[in-house]
Amino acid sequence: MCGIIGYVGKQDAMPVLVGGLRRMEYRGYDSAGIALVSGGHTAVVKRKGKITNLADALTAKKPTGMTGIGHTRWATHGVPNEVNAHPHQAGHITIVHNGIIENYADLKERLIKDHGRKFESETDTEVLAHLISVKREKDESLEAAVLSALLEVEGTFAVLVLDERDPDKIVAARRGSPLLVGIADDAIFLASDATAVIGHTDRVVYMEDDEIAICTPGKYEIIDFKAQHKRHEEQQIKLELKAIEKAGYDHFLLKEIMEQPKTIADILRGRLDLDAGTSHLGGLNTDPKFYQQMTRFLTIGCGTAYYAGLLGQYLLERMTGLPVDVEFASEFRYREPVVNGHTLGMIVTQSGETADTLASLRELKRRGTRTLGLVNVVGSSVAREVDGGVYLHAGPEISVASTKAFTAQVIAQILVGLQIGRSRKLSATDGKAIVRALEALPAQVQSILDQHERIKAISAKFADAKNVMYLGRDALYPVALEGALKLKEISYIHTEAYPAGEMKHGPVALIDEELPIVYFHPKNDLYDKTRSNLEEVRARGGRLIIVGTEGDESLKEFSDDVIYIPDAHAYTQPILANIPMQLFAYYVAVSRGTDVDQPRNLAKSVTVE
Ligand code: F6R
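Numbers given for residues are sequential positions, taken from 1 along each chain in its written order. Totals for whole chains, interfaces and linings use every residue, but because this is a predicted model, local features are given only for residues with pLDDT of at least 70 and side-chain atom pairs only at 80 or more, for both listing and counting. Heavy atoms throughout the structure, all of them, feed into the side-chain values; hydrogens and water do not.

It is worth spelling out the overall build of the protein chain at this point. A run of H or I in DSSP becomes a helix once it reaches four residues, and a run of E becomes a strand once it reaches two; helices and strands are each numbered from the N terminus. Regarding its fold elements, the protein chain presents 18 helices and 27 strands. C-alpha atoms define the radius of gyration in this analysis, and the globule rule sets the expected value at 2.2 Å times the number of residues to the power 0.38. Relative to a compact globule of 609 residues, whose C-alpha radius of gyration would be 25 Å, the protein chain shows 25 Å and is just as compact. With the principal axes as the frame, the protein chain shows a C-alpha extent of 75 × 55 × 45 Å. Across the 609 residues that make up the protein chain, the buried fraction comes to 60%. Here's how the labels work: a residue is buried when its accessible area is under 20% of the maximum for its type, exposed when over 50%, partly exposed in between, all with a 1.4 Å probe on protein chains only.

Counting 90 residues, the largest nonpolar core has F297, Y470, F520 and F584 as the members making the most contacts within it. Looking at which element gives the most residues to this core, the answer is helix α18 (residues 573-592), with twelve residues. For this core, the two domains that each supply at least three residues are domain 2 (246-450) and domain 3 (451-609). Contacts are assigned to residue pairs with any non-hydrogen atoms lying within 4.5 Å of each other. Apart from residues no more than four positions distant in its own chain, Y470 is found in contact with A480, G483, A484, L487, T495, E496, A497, Y498, V518, F520, M581 and F584. What makes a nonpolar core is a set of buried Ala, Val, Leu, Ile, Met, Phe, Trp, Tyr and Cys residues whose side-chain atoms join them at distances within 4.5 Å. In this document the domain limits rely on a domain assignment from an automatic tool or a database.

This part is about the domain arrangement of the protein chain. With domains assigned, the protein chain is organised as domain 1 (3-243), domain 2 (246-450) and domain 3 (451-609). Using only C-alpha atoms to locate each centre, domain 1 and domain 3 end up separated by 43 Å. As a working definition, buried area equals the accessible area (1.4 Å probe) given up by two parts on being put together, with both sides summed. When domain 1 packs against domain 3, close to 910 Å² is buried across both sides, 51% of that on carbon and sulfur atoms. By salt bridge we mean one thing: a side-chain nitrogen of Lys or Arg within 4 Å of a carboxyl oxygen of Asp or Glu. Summed over the shared surface of domain 1 and domain 3, the result is one salt bridge. Taking the shortest distance from any N to any O, the salt bridge between D595 and K50 comes out at 3.3 Å. Pairs of N or O atoms are called polar contacts if they sit within 3.5 Å, as long as, within protein, a hydrogen donor faces a hydrogen acceptor (for residues adjacent in sequence, only side-chain-to-side-chain pairs). For the pair domain 1 and domain 3, the number of links is three residue pairs in polar contact (both at pLDDT 80 or more).

Paired strands are those between which DSSP finds at least two bridges. Strand order in the open sheet formed by five strands is β19-β18-β20-β21-β22, and the pairing between neighbours is parallel. Of all strands in the sheet, those with a lone pairing partner are β19 (324-328) and β22 (388-391), marking the two edges. Averaged over all adjacent pairs, the angle separating strand axes in this sheet is 20°, with direction ignored. By the bridge criterion, six bridges tie strand β20 (residues 343-349) to strand β21 (residues 370-375) in an arrangement that is parallel. Paired with I347 across the strands is G373, a residue of β21. Only the contacting stretch of a helix is used when fitting its axis, a line to C-alpha atoms as for every element, and angles between N-to-C directions run 0 to 180 degrees. Helix-sheet contacts for helix α9 (residues 303-320) involve β18 (296-301), β19 and β20, and the interaxial angle to β19 is about 175°.

Attention shifts here to the side chain of N578. Mapped onto the elements of the fold, N578 is located in helix α18. Not counting the four nearest positions on each side in its chain, N578 is found in contact with F406, V479, E482 and G483.

Two numbers describe how helix α7 (residues 260-268) lies on helix α14 (residues 428-449): the axes approach to 8 Å, and their chain directions differ by 170°. Judged on the interaxial angle alone, α14 and α7 are roughly antiparallel. Contacts from Q260, P261, I264, A265 and L268 in α7 reach L438, L441, P442, V445, Q446 and L449 in α14. Taken together, the residues that form the contact of α7 with α14 break down as nine nonpolar, two polar and no charged. Each angle receives one of four descriptions, namely roughly parallel if under 35 degrees, roughly antiparallel if over 145, roughly perpendicular if within 65 to 115, and oblique otherwise. Residue classes follow a fixed rule: Ala, Val, Leu, Ile, Met, Phe, Trp, Tyr, Cys and Pro count as nonpolar, while Asp, Glu, Lys and Arg count as charged, and any other residue, Gly among them, counts as polar.

Nearness here has a simple test: a residue counts as near a molecule or strand if at least one of its heavy atoms is within 4 Å of that partner. Taken together, 14 residues surround the ligand, and among them T349, Q350, S351, T354 and E489 come closest. Q350 places a polar main-chain atom, nitrogen or oxygen, 2.6 Å from an oxygen atom of the ligand. Measuring from an oxygen atom of the ligand, one finds a side-chain N or O atom of K486 at 2.7 Å. In the complex, the protein chains occlude 90% of the 400 Å² of accessible area that the ligand would expose alone. Space inside and on the surface of the protein is sampled on a 1 Å grid over the protein atoms alone, with a cavity defined as a set of points where a 1.4 Å probe fits but cannot get out and a pocket as an open set with protein on both sides within 12 Å along at least 5 of 7 lines; lining residues have an atom within 4 Å of a point. In this scheme, a molecule is assigned to a cavity or pocket if more than half of its atoms are within 2 Å of the grid points. Its atoms largely coinciding with the cavity grid, the ligand occupies the second largest pocket. Residues of the shell around the ligand, tallied by class, amount to five nonpolar, seven polar and two charged. There are two domains that each give the shell around the ligand at least three residues, and those are domain 2 (246-450) and domain 3 (451-609). Only the protein chains shown count as cover for residues, and the accessible areas themselves come from Shrake-Rupley with a 1.4 Å probe.

Turning to unusual backbone geometry, a few remarks are in order. In this structure, P87 follows H86 across a cis peptide bond, with omega equal to 0°. Notably, D210 is not glycine yet its phi reads approximately 55°, a positive angle. Tracing the backbone shows D210 in the loop between β11 (203-206) and β12 (211-216). Note on D210: relative accessible area 27%, which makes it partly exposed. Despite not being glycine, Y492 shows a phi value in the positive range, around 65°. Summarising the element assignment, Y492 is placed in the loop between α16 (476-491) and β24 (494-499).

Shown next, in the form of structure tokens:
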């Protein structure tokens, strides 16, 4: 979702801004723009579409300046076009903004009526630019104007503000949308995420909600909305440039699928204890008594993270004997949730910035619930606000579609289940079996990835499908949901996912000779039951793609398109079953020529609700 970059320093700002925007392309956007201040004048260049369009326009116009701001926009108010693209200007003021100004209509009416302001775009951001400009006419400093404007605003924002009469300054503010300050000797960087500043500096400060940063070359000061000075610890970003590059792959998505043996090893490193059949998690940060006394898990996430939570439900209930409820964050946040001091709120998120997930976390905390974050992005809002956490260590996930983070989110839940389960009903023998299963995972995943040519060939047969159905039972039902989501978001094929046993209660009506059906049928406790459901599908003529266990020759009677996964423990089998579906979705999307890494309409980190 919208990316923000700012630079105030001693160098030409343009390459920093364009480079930063390119690094944040993965967040998803539909237009881009920059503003540079020089000689008391602001040059604004913006374009609809890809950053390449903006870069071409900049090459032609060659604006210069050592202070500048840039933006990739994911449209909320107003269609994606050049006029609605950021930056927006009002008099001497220029701003970029991520978030939503909820009371923009009232503010706009007042600005027109009382101040005769005229608007060019349909955006809420232009309203904020005018509000700051009106305040600046009265206030002494730019920061005072920004503060007094923001006190009238309802909604969320990460905003960077320039005033061409004060050319060596950027004022930044945050509420609800991520923003960090990057610190170098003679420059300050501002960005929505750390990927935009790597290579320039590894020193950052993460801004908190309702804070304003006043930035000049090499210096920054943070104040809160009461104008009180705030101090934050500087953090060191440990990301390397190569972690956010494609490393020779055609797409980030393929790179991220292929690197899973490594990311799995990373999340497990130092956390498994085979002798005790348990895990060691340093960040749980809770009195062990809490885990003995807790009565319930409440797992919250969106999209793929929600499906990871749903999969975790099957596993955690078995490992701990505790009930697990799983909720969509967007639904949960407006309910009257029933929680108590014995509930563990488990917040699952790759980015740690998803607006609904963050709001749900805050709602849980407001109600006194203990929270545990399963988070990938270090230093993200969720990571900072939860009581305890398990980092996913999956490395930067650049492709919009989540793959390696899903795998890590499921593994993190097994690690939590081991620790809590062992203090409750999970025996040492069962714990050891799970630890061994986890240790075997990297090599097993690699053996599936090694079949990529075969999976590619199968995918080619289904690239023209209009609909695809996914069926699985038990913990393979969430895998069906996740497989269906992956295919629909990157190939734009309509997909459905159902529990295989539920199919005959309605979806069976969809099956004909044309409909491709991905059917999860590996060897497990429900194998015979799942076989009956498979017969029902076959009887109606669906085109089957079966995911089964190596050596199960009987599956070939049902289809030529069988993908084999290694025999595995019941808790790691769903993780393995998901891997070929990531590759299947990828190759189908590539055959259809879609924008695999940045599928249409989607954003990586959904920072608006
Ligand atoms: C799907 C996908 C999304 C995210 C969802 C939550 O491939 O990427 O469904 O899983 O937007 O994002 P995080 O995990 O960052 O909270």
